[in-house]
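As a plain string of letters, each chain reads:
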Amino acid sequence: MEDPVDEMDPQSHSGLTIKNRRKKFMKRKQLAALAAATVMALSLVGCGGGNSTSTETKAAEAGATTAAAAETDKKADDGELIKKVAHVCQGLGDKSFSDSLEGGMKVLREKGWDCKTVECGDETKADKYEDMMLDVIDEGYHYIVASSTFRDVMLKLAKEYPENQFIIVDDSMDEADIPDNVALIFYAQNEGSYIVGQLAAGMSESGVVAVNVGMDTPVIADFVTGFIDGAQAYDPDIKIVKAAVGSWTDPAKMKELCLTQARDKQADVFYQVAGASGAGLFEACKELGTWAIGVDSDQSPLAPETILTSALKRVDNACYDATKKTILGTLEGGVETYDLAAGGVDIAPTTDNLSKDVLEKIEKAKKDIIAGDLVVPKNQEEFEEKYGDVYELD
């Protein structure tokens, strides 16, 4: 069987112009197909390890539907799928989100796509983000893929460059505000964080756990609210401390924050949602002899004796669902959310450091969430409706 990513465009296309200007729904359909292909490529490198049979099967099925979706576009419109994709990020080497997306670009490159990665630097270089994104557009890169960090710039450029198409990964917004040439892929990280909040409370001996973030944003608040909700549901007496590094790329400051929380607050389980800054949390936990929890991908190999598990985004499952919806014509850009019930989030399969009792309790919580018997707050507003203003989350 031929590789479905190869089949997406058997003809080379080096230019930017599409032969016929597509109708709105066709542009969104092609954008969804490319988004699904990107997520599929990401899944091939981001979900190694446990459940390999399921992952490989779903990736193969996703590839088949991606190829079919592309063929449908060809028959419906005599334009061509432009195989020029730019991955814009702050920087590689975070062992988390950016590296996972770059792994997807690597797979696409191997299949003949022209993929360029642009490292823009941390938030101190934010005033240069737009210019650097404009550079790749000027170079003929038709699809721009980036995380929510770049959302404002991408939405602005999407209006200025309607023939380009933009994929914002790990973000959500009001559908009415989304330009026709923008697709967003969003994960219910509040649900995944609820599960790791439960296990953090279950594994803590001091009764104090920490959730430390890179920067405070609405997306990150979803992680924090889910974590706190899960921890308090497991143990109403648990204490939660939180800190923000102020950067996605400052592991030294993260380490300092964790050491302070352990010394002054007696925290003994630490959850990081901090990009490259998260490495500092793992270093601190190794020194302290405390537990750590990773995020986005299975980060256990970074510190196997220290990391309990990771709040995982199941990009393989999301890809299968996205490509299926693409071929059915039900995914036309906009926002697509993948939750626990849809297999979009979970904990990593590496759970060797967890006790049997804790594992049993979090499995029950997962079943309750999937059944709809347990609803996790989606944001700070919903969290405060449930608990009141008990934590400063922003």
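For the structure itself, consult the block above.
Calculation notes
Residues numbered from 1 in each chain as written. Predicted model: local features only at pLDDT ≥ 70, side-chain atom pairs only at ≥ 80, totals over all residues. Heavy atoms only, no water. Core = buried A, V, L, I, M, F, W, Y, C linked by side-chain atoms within 4.5 Å. Buried < 20%, exposed > 50% of the residue type's maximum accessible area, 1.4 Å probe, protein only. Contact = heavy atoms within 4.5 Å. Axes fitted to C-alpha atoms, helices over the stretch in contact; angles between N-to-C directions. Helix = DSSP H or I, 4+ residues; strand = E, 2+ residues; numbered from the N terminus. Parallel < 35°, antiparallel > 145°, perpendicular 65-115°, else oblique. Left-handed = near helix turned anticlockwise from the far one by under 90°. Nonpolar A, V, L, I, M, F, W, Y, C, P; charged D, E, K, R; others polar. Pairing = 2+ DSSP bridges. Phe/Tyr/Trp six-rings, centres within 6.5 Å; stacked < 30°, edge-to-face > 60°. Salt bridge = Lys/Arg side-chain N within 4 Å of Asp/Glu carboxyl O. Right-handed = clockwise from strand over helix to strand, strands pointing away.

Draft legend 1. Region of interest: the nonpolar core. Core analysis: the biggest nonpolar cluster contains 50 residues, and Val 196, Leu 199, Phe 227, Ile 240, Tyr 271 and Ile 293 have the highest contact counts within it. What Phe 227 contacts, discounting residues up to four positions off in sequence, is Ser 193, Tyr 194, Val 196, Gly 197, Ala 200, Val 209, Ala 210, Val 211, Ile 240 and Tyr 271. The next biggest cluster of nonpolar side chains, apart from the first, holds 26 residues, and it includes Ala 86, Val 88, Leu 134 and Leu 184.

Draft legend 2. Just the packing of helix α5 (residues 129–138) against helix α6 (residues 151–160), in detail. Where α5 meets α6, the closest approach of the two axes is 10 Å, and the angle between their N-to-C directions is 45°. Taken together, the axes of α5 and α6 are oblique relative to one another. For the pair α5 and α6, the crossing hand works out as right-handed. Touching Tyr 129, Glu 130, Met 133, Leu 134 and Ile 137 of α5 are Val 153, Met 154, Lys 156 and Leu 157, all from α6. For the contact of α5 with α6, the per-class residue count stands at 7 nonpolar, no polar and 2 charged.

Draft legend 3. Geometry of the sheet that holds strand β7 (residues 239–244). Ordered by their spatial adjacency, 6 strands build an open sheet running β7-β6-β8-β9-β10-β12, and the pairing between neighbours is mixed. Each end of this open sheet is capped by a strand with a single partner; those strands are β7 and β12 (345–347). Here the average twist between neighbouring strands, direction ignored, is 15°. Direction of pairing for strand β8 (residues 269–273) relative to strand β9 (residues 291–296): parallel, over a ladder of 3 bridges. What sits directly across from Phe 270, in β9, is Ala 292. Across the sheet, helix α10 (residues 278–288) is in contact with β6 (208–213), β8, β9 and β10 (307–313); its angle to β8 comes to roughly 165°.

Draft legend 4. Representation of the packing of aromatic side chains. Taken as a whole and assessed by the stated rule, the structure comprises 3 aromatic pairs. A centroid spacing of 4.7 Å and a plane angle of 45° characterise the contact between Tyr 129 and Phe 150, whose relative ring orientation is tilted. Highlighted residues: Tyr 129 in helix α5 and Phe 150 in the loop between β3 (143–147) and α6, separated in sequence by 21 residues. For the pair formed by Tyr 129 and Phe 150, the shared burial category is buried. Ring geometry for Tyr 187 and Tyr 338: centres 6.1 Å apart, planes at 40°, overall tilted. With Tyr 187 in strand β5 (residues 182–187) and Tyr 338 in strand β11 (residues 334–338), this pair connects stretches of sequence that are 151 residues apart. Assessed through its relative accessible area of 2%, Tyr 187 is described here as buried. For Tyr 338, a relative accessible area of 2% translates into the label buried.

Draft legend 5. Examining the packing of helix α7 (residues 189–203) against helix α8 (residues 218–234) more closely. Between α7 and α8, the least distance of the axes is 6 Å, while the angle of their chain directions is 40°. Viewed along their axes, α7 and α8 adopt a mutual orientation that is oblique. Seen from above, α7 lies across α8 with right-handed handedness. When α7 is examined against α8, the residues Gln 189, Asn 190, Ser 193, Tyr 194, Val 196, Gly 197, Gln 198, Ala 200, Ala 201 and Gly 202 are found in contact with a partner set consisting of Val 219, Asp 222, Phe 223, Gly 226, Phe 227, Asp 229, Gly 230, Ala 231, Ala 233 and Tyr 234. Residues that form the contact of α7 with α8 fall into these classes: 10 nonpolar, 8 polar and 2 charged.

Draft legend 6. Seen up close, the pattern of salt bridges. All chains considered together, the criterion is met by 14 salt bridges. Residue Asp 114 pairs with Lys 84 through a salt bridge whose shortest N-O separation is 2.7 Å. Taken as a pair, Asp 114 in strand β2 (residues 114–119) and Lys 84 in strand β1 (residues 84–89) lie far apart in primary sequence, 30 residues in all. For Lys 84, a relative accessible area of 8% puts it in the buried group. The salt bridge involving Glu 130 is made with Lys 156; its shortest N-O contact spans 2.8 Å. Here Glu 130, found in helix α5, pairs with Lys 156, found in helix α6; they are 26 residues apart in sequence, far enough to count as distant. Overall, Lys 156 belongs to the partly exposed group, its relative accessible area being 37%.

Draft legend 7. Geometry of the pairing of strand β4 (residues 165–169). Judged by how many residues are buried, β4 sits mostly within the fold: 5 of 5 residues are covered. Burial along β4 is two-sided: Gln 165, Ile 167 and Val 169 and Phe 166 and Ile 168, pointing in opposite directions, are all buried. Sheet topology note: the β3/β4 ladder contains 5 bridges and is parallel. Bridge pairing in β4 links Ala 146 to Ile 168. In terms of handedness, the path from β3 via α6 over to β4 forms a crossover that is right-handed. Pairing analysis gives 4 bridges linking β4 to β5, with the strands arranged parallel. Within β5, the residue paired with Val 169 across the bridge is Ile 185.

Draft legend 8. A look at the sheet that holds β4. The strand order across the open sheet formed by 6 strands is β2-β1-β3-β4-β5-β11, and the pairing between neighbours is parallel. A single partner strand is all that each edge strand has here, and the edge strands are β2 and β11. Along the sheet, successive strands turn relative to each other by an average axial angle of 15°, direction set aside.

These values are about where atoms sit, not about what they do.
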